[in-house]
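Results of the structural survey
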Amino acid sequence: PTIGSARVTYDVVVRMESGRRITMARGLTTHAHAIDVSRMPCAGKGTLLVVASDGVRSTEVEGGSIDVPERPPTVHILSPAAGERVSYDQPVSVLGCCLDMSGEPSTPEPLRWSLDGEDVAAGTLMMVLESLRAGPHRLVLRYGENTAGGAETAVDFDVAKVPPAP
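We now turn to the structure provided with this report. Nothing here was measured: the structure is a model prediction, and the numbers come from that model.

Glancing now at the sheet that holds strand 7 (residues 74-79). Judged by pairing direction, the sheet is antiparallel, and its three strands sit side by side in the order 7-9-12 without closing on themselves. Looking along the sheet, the strands with just one partner apiece sit at the ends: strand 7 and strand 12 (126-129). Averaged over all neighbouring strand pairs, the angle between strand axes comes to 25 degrees, with direction disregarded. Bridge count between strand 9 (residues 92-99) and strand 12: four bridges; the pairing is antiparallel. Note on strand 12: the bridge partner recorded for Ser-93 is Val-128.

Now for unusual backbone geometry. Note the cis peptide between Ser-79 and Pro-80, where omega equals 5 degrees. Here Pro-80 lies in the loop between strand 7 and strand 8 (85-86). Although it is not a glycine, Asp-116 adopts a positive phi angle of roughly 55 degrees. Relative to the helices and strands, Asp-116 is located in the loop between strand 10 (111-115) and strand 11 (118-122). Here Asp-116 falls in the partly exposed class, since its relative accessible area comes to 34%. Phi at Ser-131 is positive, roughly 55 degrees, even though this residue is not glycine.

Moving on, we come to the sheet that holds strand 6 (residues 58-68). Backbone-to-backbone hydrogen bonds join strands into a sheet, with any given pair of strands oriented parallel or antiparallel. Ordered in space as 4-3-5-6, the four strands form an open sheet in which the pairing is antiparallel. Taken across any chain shown, the strands that pair with only one partner, and hence form the sheet edges, are strand 4 (21-28) and strand 6. Within this sheet the neighbouring strands show an average axis-to-axis angle of 20 degrees, counted without direction. Of the strand pairs in this sheet, strand 3 (residues 9-16) and strand 5 (residues 44-53) are connected by eight bridges, and their pairing is antiparallel. The residue bridging Tyr-10 from the neighbouring strand is Ala-52, located in strand 5.

Of all eight residues that make up strand 3, six are buried, and the element is covered over most of its length. Where strand 3 lies against strand 4, five bridges are found, and the strand directions are antiparallel. By the bridge assignment for strand 4, Tyr-10 is matched with Leu-28.

In total, this model carries eight salt bridges according to the counting rule given. Between Glu-60 and Arg-21 there is a salt bridge, and its shortest N-O distance comes to 2.8 Å. Residue Glu-60 is found in strand 6, and its partner Arg-21 is found in strand 4; the two are separated by 39 residues along the sequence. Judged by its relative accessible area of 43%, Arg-21 is partly exposed.

Conventions we followed
- Residues numbered from 1 in each chain as written.
- Predicted model: local features only at pLDDT ≥ 70, side-chain atom pairs only at ≥ 80, totals over all residues.
- Heavy atoms only, no water.
- Pairing = 2+ DSSP bridges.
- Helix = DSSP H or I, 4+ residues; strand = E, 2+ residues; numbered from the N terminus.
- Axes fitted to C-alpha atoms, helices over the stretch in contact; angles between N-to-C directions.
- Buried < 20%, exposed > 50% of the residue type's maximum accessible area, 1.4 Å probe, protein only.
- Salt bridge = Lys/Arg side-chain N within 4 Å of Asp/Glu carboxyl O.

Structural data, given as structure tokens:
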């Protein structure tokens, strides 16, 4: 759209009750746009704002209210890599990552590690696995007691078979 010879663009901003302003879309030129609140980096109540600008002046209009639900952190296993094959006589360094909904590191206390269905560690992002049997293994990192209120990820890796004695 244009006003006179000026081209008007629109930004969609969410003003959270905390005062934080989050730009969800920038430089729009149409009057319709869908906002995906699952991409919001924080939870809570907020107000949608449409900010119109002709490049010199701008104005904002309040839209509707939104309520962004809290999301569990995301968990990632950085090591071992999925499909990795490790030597039978070497310890396996395990490294995980837990990020809150804004992408910031989250506390490791609720983390639970399991190997082949057995709990092996809790409350840590790092550990070492030793004396693993040869063959395939499944390593799971879980946030919280169960997946209903948390997040989970897994990798499958393989321990090489023991070479025959000379």
